[in-house]
Every structure is written in structure tokens, then in C-alpha cells.
Amino acid sequence: MLSVRFLAMLSTFLLVVGALLVGEALHGGVVTGEYAVTSPWVVLRVVLGGLFIVLGYRFRTPTEEYVAMPSDEPDRSGGTPDESTDPDRTGEFDPEMSPLGGDGLEHVESDARKSDEPSDDVRN
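Every value quoted in this text rests on a predicted model; they were computed, and no experiment measured them.

The rules behind each value
Residues numbered from 1 in each chain as written. Predicted model: local features only at pLDDT ≥ 70, side-chain atom pairs only at ≥ 80, totals over all residues. Heavy atoms only, no water. Phe/Tyr/Trp six-rings, centres within 6.5 Å; stacked < 30°, edge-to-face > 60°. Buried < 20%, exposed > 50% of the residue type's maximum accessible area, 1.4 Å probe, protein only. pLDDT = per-residue confidence, 0-100. Helix = DSSP H or I, 4+ residues; strand = E, 2+ residues; numbered from the N terminus. Axes fitted to C-alpha atoms, helices over the stretch in contact; angles between N-to-C directions. Parallel < 35°, antiparallel > 145°, perpendicular 65-115°, else oblique. Left-handed = near helix turned anticlockwise from the far one by under 90°. Contact = heavy atoms within 4.5 Å. Salt bridge = Lys/Arg side-chain N within 4 Å of Asp/Glu carboxyl O. Expected span 1.5 Å × (residues − 1). Polar contact = N/O pair within 3.5 Å; in protein donor to acceptor, adjacent residues only side chain to side chain.

Report on the packing of aromatic side chains, specifying residues and quantitative values.
Inspection of every chain in the model, using the stated rule, returns one aromatic pair. Judged by centre distance (4.2 Å) and plane angle (25 degrees), the ring pair of tyrosine 35 and tryptophan 41 falls under stacked. Take tyrosine 35: its relative accessible area is 32%, and that puts it in the partly exposed class. Given a relative accessible area of 23%, tryptophan 41 falls into the partly exposed group.

See below:
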């Protein structure tokens, strides 16, 4: 038995590939006129794309079936939600934990102040 989520993914994949094939055939045959509308290139892509779209609709599953599965937990981390990376729980910025380095925030703040100032370079 196939998983409900796998069938939903397969349905989406088939629908997208089918739409791309039909769109490519229409673009090549009608829009750019590279191929005749009845050429095997266009007809094969339209038929194959239509088949993929039909199969995609065949494998569609209602959203309620794969959303309400028991494995769907709001928090999959397995830990308690009150665990924090802030050890003292003050909410204050810790410069040692910053990936910007020691002067990173001063540089960002000075750039923000420079962008707020009106520029003298006005061109007419």
C-alpha cells in the first residue's frame, strides 16, 4: 500500500510535468511557429502531457487525508517548547553568539543611518 503523502506528491509531480509538456507544445507549435501544429513533436507532447494530467488527477488525495495523519505533530523536535538558546533567558543580545563579529552591529547601524540621510547627489 502506498503512502497517502507519496500519492499526493506523485499527483503534484504528474500535474506539473503534464502542464509543462502541454505548454511547451503550445509554445513551439502555436506561439513561435517552429513546428506545425500537427507535427509529431507537438502531438506527442500534447498527448503525453494530457495523459500525465489525467493520471495526476487520478492520484489526487483530499487534503484532509494527509493533514490529519497521526504522524502530523505540530512540534517534531521531541523537546519541550520552552527550551531556548538563551541560557539566562533575558532576551538580551549576546555579542559572543553573533556571526557578525565584534563590530558587526555597529557597521550595520552606521549603514542604516547613512541610508536614512538625504543625499546631496541630485541629478536633473
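I'd like to hear about the confidence of the model for the protein, residue by residue, with values.
In the predicted model, the protein carries a mean pLDDT of 76, and the fraction of residues at 70 or more is 61%. The secondary structure element of the protein with the lowest average pLDDT is helix α4 (residues 104–116), at 66, and the one with the highest is helix α2 (residues 40–58), at 94.

Can you lay out the packing of helix α1 (residues 4–31) against α2 for me, pointing to particular residues and giving the numbers?
Between α1 and α2, the least distance of the axes is 7 Å, while the angle of their chain directions is 155 degrees. As the angle between them shows, α1 and α2 are arranged roughly antiparallel. Between α1 and α2 the crossing geometry is left-handed. Contacts between α1 and α2 pair Ser11, Leu14, Leu15, Val17, Gly18, Ala19, Leu21, Val22, Glu24, Ala25, Gly28 and Gly29 from the former with Trp41, Val42, Arg45, Val46, Leu48, Gly49, Gly50, Phe52, Ile53, Leu55, Gly56 and Tyr57 from the latter.

Account for the pattern of salt bridges, naming residues and giving values.
One pass over the full model with this rule turns up one salt bridge. The shortest N-O distance in the salt bridge between glutamate 24 and arginine 45 comes to 3.7 Å. One end of the pair, glutamate 24, is in helix α1; the other, arginine 45, is in helix α2, with 21 residues separating them in the sequence. Since its relative accessible area comes to 22%, arginine 45 is described here as partly exposed.

Explain α2 residue by residue, including any values.
For α2, spanning 19 residues, the distance from its first C-alpha to its last is 26 Å, which sits close to the expected 27 Å at 1.5 Å a residue. Contact partners of the buried residues in α2: α1.

Summarise the side chain of serine 39; cite the residues concerned and give the values.
As for its placement among the helices and strands, serine 39 is situated in the loop between α1 and α2. Here alanine 36 takes part through its backbone oxygen, which lies 3.0 Å from a polar atom of the side chain of serine 39.

So what's going on with α1? Which residues, and what values?
Over its 28 residues, α1 extends 39 Å from the first C-alpha to the last, a length consistent with the 40 Å expected when each residue adds 1.5 Å. Along α1, the residues that are buried comprise Leu7, Ala8, Ser11, Leu14, Gly18, Leu21, Ala25, Gly28 and Gly29. Just downstream of α1, glycine 33 is the residue with a positive phi angle, here 70 degrees.

Break down the environment of leucine 15 for me, citing the residues and quoting the values.
Structurally, leucine 15 can be placed in helix α1. Look at leucine 15 and you get partly exposed, because its relative accessible area is 23%. For the pair leucine 15 and glycine 50, spaced 35 residues apart in sequence, the C-alpha to C-alpha distance is 9.1 Å. If sequence neighbours within four positions are ignored, leucine 15 has contacts with Phe52, Ile53, Gly56 and Tyr57.

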